[in-house]
Amino acid sequence: MTFFASEIVNGLVLASFFALVAGGLALIFGVVGIVNFAHGDFVMIAGYFFYELYVHLQLPYLIAILLTVLGTAVFGGSIYWLALRHLVERAWYAQLLATLGLSILFENIAQQIWSPNALSVATPSTLQVAIHIGVGANVTVQDVYVFIGTAVCLICLWLIITKWRWGKAMRAVAQNREACVVSGINVKLVALLAFALSTALCGLAACLVLPMQDVFPTVGLSFTTQAFVVVILGGMGSVRGAVVAAVIVGLVEALAAGYISSGYTDAFGYAIMILILLVRPTGLFGDRVQRSGWSSL
Amino acid sequence: MTDHVHHGPPNHPPSRFRSLSEVLAPPAARSMLPLFVLVVAVLVPFGVKDAFTLGILTDSLIYVVLALSYDLSVGRVGALSLAHPAFFGTGAYAAAIIVQRYGLPLGLQVLIAISASIVLAVVIGIPAFRLSHLTFGMATLGFALIAELIAQNEIGLTNGPLCMAGLSPLSSGWLSSFGFDQNVQQYYIFLVIAVAVAVFFWVLVRSRIGRAYVAVREDEPMAMAAGINPTRYRMSAFVIGAGLAGLIGAFYAHYLSVVCPTKLDISYTVNLLVILFLGGTGGFWGIIAAAFVFTAIPEALQVAPNIRLIVYGAALLVGVTALPEGFEGATRTVRRRLARYARGNRA
Amino acid sequence: MLEIHGVSKSFAGVHALESIEFTVSEGQLVSMIGPNGSGKTTLFNCISGFLRPDAGKIVFQGKQIGARAPFEIAQLGLSRTFQSVRLFAKLSALENLLVSMQQHQDDSILGRFFHTPAIRRHEATATARALELLERVKLTAHQAKPAGELSYGQRKLLSIAAALMPHPKLVLLDEPTSAVNPVAILAIRDLLREIHAEGQTILLVEHNMEFVMELSERVVVLDAGRKIAEGSPRQVREDKRVMEAYLGS
Ligand SMILES: Nc1ncnc2c1ncn2[C@@H]1O[C@H](COP(=O)(O)OP(=O)(O)OP(=O)(O)O)[C@@H](O)[C@H]1O
Ligand SMILES: [Mg+2]
């Protein structure tokens, strides 16, 4: 029971991380209309930002987080405006290749700047205190705070999308781009905001997960593929689907790592994705009519 | 009644002028191209003596085979699979395991390697082809990752990260009777394989099957209306490509003499995608040229791997963003413009 | 040859087809007319397997085809064209025709990859047939040109030729003359008249009344997903409901 409970806690922490990264990826797919294979690299770069700010410059913990999130958003927005903007109306595989190129670029530039070695960041010791909960699992303050941080952030995201003017515009663009162009919504600006917002989520994800995960230049691609597993499972472009799928994948991977074999952790995420897709080819919350099949009439 | 009306010119007269490309490369010269390339390739070891350069050229030949076999699926039927290294690796591991455990001859190793890759492709293809586009790509990526994890973790079968060694390099008694050393022999063996695969590819894509591949890729409903079963053709392209990758994998295992789990890595997919898309998917010469350019040039220039990857990444990002049809497409466009310009001048 | 029994189909509440009934017998040329959106293309899509009817039976040569895949139906000898011309733009005119012949010869796996004598013979007959059809639609001079570079009228003719390529038992033509210039319309009319005279069974959807009245033996009229009339061209022309349907829409 103890073991099971602590695997559940691990799973939920993993799920929080997936929800932030994959939620952003879904936003980019839905609103901007890009298959972004460099998404995980923004998490990697945010990790280095955070390292520089917190370990190198020794800024206070929360200030470092705030600056990392802002910095990543500005960085993401600039990259979008400089390069990815031109991919918007292109075929998905062209987007995949070009962003894969961007990912390779990021990875190797990071290697030049920070060396290929893994860096780890220790969190303030107050966060490493264990708290005991009923079932006997060991939960650290860190776990709780990752969990709450993610929840707060997802609620903010939900508020942004549903209440804020530009957030509503994002949803409108995701539903019908042409209509928005016609009705005078500044689609380009909305896309830029959505991209910056989703890279901000990457920044936050990096800060939250860093104490548990080392950062190194090639880590981005595995974040990307995992985020795609989550987004596809949830239904492309559905942020809500991505959050639900993140919980599923997080729990499945943690339990599989705990009970079956830690060598195959990633494989279970893929396995669950493939199984669910065979039943529902457009994912859990995907549009059932559209984007199913190689081509239609 | 809701059709788009396209008023093309009613009747193009057949072009009376030869296009510039025909002037520059008349059909007779173009039909000589394969022969010319082949002669140069055969003569190379007489001019190139150092093992390093010959090794780079051999690597390029391996990439030619991998890229052409990958293009069957990616370029010909438009199914962007991300599992190709898994087939290559399966071929390599099949050869290594057979050598270590059973000591069977090379011919049998190759046959078993091809069969193993084909079986794996069918196992992956049956579920994956029920999906499409990006979900197909991600499902194949998932299977590729699982294959890599098996190579890493099933130490009893694959030695895991310790790799499998003990394969003897390729040689041929007939070639050594000419006094060629080991490197030259391997170069020629891979040249023969690459030419054989290229000819097979060429015949396949120009056959009825190749025609059906294009039909399925271009317009699936129309292909179905013509009685073509799209899934069957996609599957066949995927499986044939996997078989060819398994074949070259078996030879590659001998060439390197060790097989490691990293041979199944997705970074191979990236290299192959660079070659395919900058060489022009669904092409032939463009892909072959790109296989040499992207394998040989960085090696020959002795660029540090890291810098090379920065260049690769930038090339992929800028190339795909700016040249939608790859280099071949870009040169085609330039040729067309020049031809139009030339016609305009004379008309 | 083709029997449609009570076929219905709706899209999210829109009743595109409601209990359609009619038959086409061997050697007939039947036309289907009706105002825009009356369900003609939807019925074609049901017959050729691209849509699955919600209810009803479609029988082709004694076989139920309602649940079969499009390519299986095509292999049974039922060809179709599309309302918006579909061709393989990158393949040449000749290759477009050859693609349609792809499956109409049962061939072995080996035969698919190697040019066995049987395959070579098959290719030769297919090519001969394709050249003959190109001659008939007057596209011989353009046989090597990519289909995407032909004019609209030429593409329509080519798509009809492609549908005729495998000697289909029944061919469905969806608006062969729409958006085509008058000269090409005459060419299409002559072609249909000729192949019908040779015994080809045809089911045609058309808006061009003159064309329909001139060619058809029987006309079926749809309106808002229902069959409202059926009979000879003259009967249909004089039918009050048909006039109302056209005037009212
Ligand atoms: N795939 C679809 N999804 C939703 N509604 C559809 C679909 N296809 C057709 N419809 C609807 O079904 C009805 C019949 O359309 P259909 O295309 O069959 O008409 P038609 O008789 O061929 O018209 P036209 O003369 O314009 O070609 C229309 O209301 C149309 O909007
Ligand atoms: Mg219609």
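Everything numeric here is computed off the predicted structure, so don't read it as measured data.

Draft legend 1. Spotlight on the overall build of chain B. Within chain B, the secondary structure is distributed over 16 helices and zero strands. Going through the 347 residues of chain B one by one, you find that 54% of them count as buried. Carbon and sulfur atoms make up 68% of the accessible area of chain B, which totals about 15,000 Å².

Draft legend 2. Broad picture of the confidence of the model for chain B. When pLDDT is averaged along chain B, the result is 83; 85% of the residues meet or exceed 70. Considering only residues more than four positions removed or in separate chains, one finds that residues 1-23 of chain B, a stretch of pLDDT under 50, has 37 contacts.

Draft legend 3. Structural detail: the coordination of the magnesium ion (ligand 2). Residue and element names in this part refer to chain C. Ligation of the magnesium ion (ligand 2) by protein atoms is provided by Thr41 (OG1) and Gln83 (OE1), these donors lying 1.8 to 2.2 Å from the ion. Residue Thr41 is found in helix H1 (residues 40-47), and its partner Gln83 is found in the loop between strand E6 (78-80) and helix H3 (93-100); the two are separated by 42 residues along the sequence. Classification of Gln83 as buried rests on a relative accessible area of 15%.

Draft legend 4. Quick look at the sheet that holds strand E7 (residues 170-174) of chain C. Residue and element names in this part refer to chain C. Spatial strand order, E6-E7-E8-E3-E9-E10: six strands in an open sheet with mixed pairing. One side of each edge strand has no neighbouring strand; the edge strands of this open sheet are E6 and strand E10 (226-231). On average, each strand axis in the sheet is inclined to that of its neighbour by 15°, with strand direction left out of account. Relative to E7, E6 runs parallel, the two sharing three bridges. Bridged to Leu78 within E7 is Leu170.

Draft legend 5. Up close: the domain arrangement of chain C. Residue and element names in this part refer to chain C. Under the domain assignment used here, chain C contains domain 1 (1-77 + 168-249) and domain 2 (90-162). The gap between the C-alpha centroids of domain 1 and domain 2 is 26 Å. Counting residues at the interface gives 15 residues for domain 1 and nine residues for domain 2. Both faces considered, domain 1 and domain 2 share a buried interface measuring about 1,000 Å² in area, 67% of it formed by carbon and sulfur atoms. Contact with domain 2 buries surface across domain 1, with Gln75, Ile188 and Leu191 losing the most and accounting together for 40% of the total.

Draft legend 6. Looking closely at the pairing of strand E1 (residues 2-11) of chain C. Residue and element names in this part refer to chain C. Sheet topology places E1 next to strand E2 (residues 14-24); seven bridges connect them, and they run antiparallel. Across the sheet, residue Leu2 finds its bridge partner in E2, namely Val24. With antiparallel pairing between neighbouring strands as the criterion, E1 and E2 make up a hairpin whose turn holds two residues, including Ala12 at a positive phi of roughly 40°. As paired elements, E1 and strand E4 (residues 55-60) share five bridges and run antiparallel to each other. Across the sheet, the residue bridging to His5 is Lys57, located in E4.

Draft legend 7. Structural context of the packing of aromatic side chains. Under the defined criterion, the tally for this structure stands at 32 aromatic pairs over all chains. Ring geometry for B:Phe190 and B:Tyr255: centres 5.2 Å apart, planes at 70°, overall edge-to-face. With a gap of 65 residues between them, B:Phe190 in helix H9 (residues 182-206) and B:Tyr255 in helix H12 (residues 230-256) connect regions that are remote in the sequence. Between B:Phe284 and B:Trp285, the ring centres sit 5.1 Å apart and the planes meet at 80°, which makes this aromatic pair edge-to-face. Exposure remark for B:Phe284: the relative accessible area of 10% places this residue in the buried category. Relative accessible area serves as the criterion here: at 33%, B:Trp285 is assigned to the partly exposed category. An aromatic cluster is present here, built from A:Phe42, A:Phe49, A:Phe75, A:Tyr80, A:Phe106 and A:Phe195 joined pairwise through their rings. Positioned over the ring face of C:Phe82 is C:Arg80, at 4.2 Å from the centre of the ring. Of note, C:Arg86 hangs over the ring of C:Phe82, and the distance from its end group to the ring centre comes to 5.2 Å.

Draft legend 8. View of the site of ligand 1. Residues and elements named next belong to chain C. What surrounds ligand 1 is the set Phe11, Ala16, Asn36, Gly37, Ser38, Gly39, Lys40, Thr41, Thr42, Gln83, Glu175 and His207. Within the contact set of ligand 1, an oxygen atom lies 2.5 Å away from a side-chain nitrogen or oxygen of Thr42. The side chain of His207 places a nitrogen or oxygen atom 2.7 Å from an oxygen atom of ligand 1. Expressed as a share of its isolated accessible area of 630 Å², the protein-covered part of ligand 1 is 64%. The greatest single-element share of the shell around ligand 1, amounting to three residues, is contributed by H1. By residue class, the composition of the shell around ligand 1 is two nonpolar, eight polar and two charged.

Draft legend 9. Spotlight on the interface of chain A and chain B. Opposite the 43 residues of chain A that make contact, chain B presents 41 residues. Here chain A packs against chain B, burying approximately 3,900 Å² in sum over the two surfaces, 76% of which is carbon and sulfur. Our enumeration of links across chain A and chain B arrives at zero salt bridges. Secondary-structure elements contributing two or more residues to the side of chain A that touches chain B are helix H4 (92-114), helix H9 (219-234) and helix H11 (265-279) of chain A. Classifying every residue of the side of chain A that touches chain B by side-chain character gives 30 nonpolar, eleven polar and two charged.

Draft legend 10. How the structure looks around the pattern of salt bridges. Residues and elements named next belong to chain C. Per the counting criterion, the structure on display carries 15 salt bridges over all chains. Ionic pairing is found between Arg189 and Glu214, a salt bridge with its closest N-O pair at 3.1 Å. Of this pair, Arg189 sits in helix H7 (residues 182-197) while Glu214 sits in helix H8 (residues 209-215), placing them 25 residues apart in sequence. The exposure class of Glu214 is partly exposed, given its relative accessible area of 37%. Between Arg193 and Glu214 there is a salt bridge, with the nearest N and O atoms lying 3.1 Å from each other. Within this pair, whereas Arg193 is found in helix H7, its partner Glu214 is found in helix H8, the two being separated by 21 residues in sequence. Residue classification places Arg193 among the partly exposed positions, given a relative accessible area of 38%. Salt bridges linked by common partners bring Arg189, Asp190, Arg193 and Glu214 together as one network.

Draft legend 11. Region of interest: the packing of helix H4 (residues 84-101) of chain B against helix H5 (residues 106-128) of chain B. Residues and elements named next belong to chain B. For the pair H4 and H5, the least separation of the axes is 8 Å and the interaxial angle reads 140°. Relative to H5, H4 is oriented oblique. The chirality of how H4 crosses H5 is right-handed. Along the contact surface, H4 presents Ala86, Phe87, Thr90, Gly91, Ala94, Ala95, Ile98 and Val99, while H5 presents Gln109, Ile112, Ala113, Ala116, Ser117, Leu120, Ala121 and Ile124. Broken down by class, the residue content of the contact of H4 with H5 amounts to twelve nonpolar, four polar and no charged.

Draft legend 12. Region of interest: H3(C). With seven of eight residues buried, H3(C) is to be regarded as a mostly interior element. Where H3(C) is buried, its residues meet helix H10 (208-218) of chain B together with helix H5 (117-136) and helix H6 (152-164) of chain C.

Draft legend 13. Structural view of the sheet that holds E2(C). Residue and element names in this part refer to chain C. Strand order in this open sheet of four strands is E2-E1-E4-E5, and the pairing throughout is antiparallel. Among the strands making up the open sheet, the edge pair consists of E2 and strand E5 (63-64). Against the sheet, H1 contacts E1, E2 and E4, and its axis sits at roughly 115° relative to E1.

Draft legend 14. Spotlight on the packing of helix H3 (residues 61-82) of chain A against helix H8 (residues 187-209) of chain A. Residues and elements named next belong to chain A. Remark: H3 packs on H8, axes separated minimally by 7 Å, with the N-to-C direction vectors making an angle of 145°. With respect to the hand of their crossing, H3 and H8 are arranged in right-handed fashion. Taking contact as the criterion, the partners of Tyr61, Ile65, Thr68, Val69, Thr72, Ala73, Gly76, Gly77, Tyr80 and Trp81 in H3 are, on H8, Lys188, Ala191, Leu192, Phe195, Ala196, Thr199, Ala200, Gly203, Leu204 and Cys207. Looking at the contact of H3 with H8 residue by residue, the class counts come to 13 nonpolar, six polar and one charged.

Basis of the calculations
Residues numbered from 1 in each chain as written. Chains lettered and ligands numbered in written order. Predicted model: local features only at pLDDT ≥ 70, side-chain atom pairs only at ≥ 80, totals over all residues. Heavy atoms only, no water. Helix = DSSP H or I, 4+ residues; strand = E, 2+ residues; numbered from the N terminus. Buried < 20%, exposed > 50% of the residue type's maximum accessible area, 1.4 Å probe, protein only. Areas by Shrake-Rupley, 256 points an atom, 1.4 Å probe, with all protein chains shown as cover. pLDDT = per-residue confidence, 0-100. Contact = heavy atoms within 4.5 Å. Donors = N, O, S within 2.8 Å, 3.2 Å for Na, K, Ca; no water. Pairing = 2+ DSSP bridges. Axes fitted to C-alpha atoms, helices over the stretch in contact; angles between N-to-C directions. Domains from an automatic or database assignment. Buried area = accessible area lost by both parts, 1.4 Å probe. Phe/Tyr/Trp six-rings, centres within 6.5 Å; stacked < 30°, edge-to-face > 60°. Lys NZ or Arg CZ within 6 Å of the ring centre and 35° of its normal. Near = heavy atom within 4 Å. Polar contact = N/O pair within 3.5 Å; in protein donor to acceptor, adjacent residues only side chain to side chain. Nonpolar A, V, L, I, M, F, W, Y, C, P; charged D, E, K, R; others polar. Salt bridge = Lys/Arg side-chain N within 4 Å of Asp/Glu carboxyl O. Parallel < 35°, antiparallel > 145°, perpendicular 65-115°, else oblique. Left-handed = near helix turned anticlockwise from the far one by under 90°.

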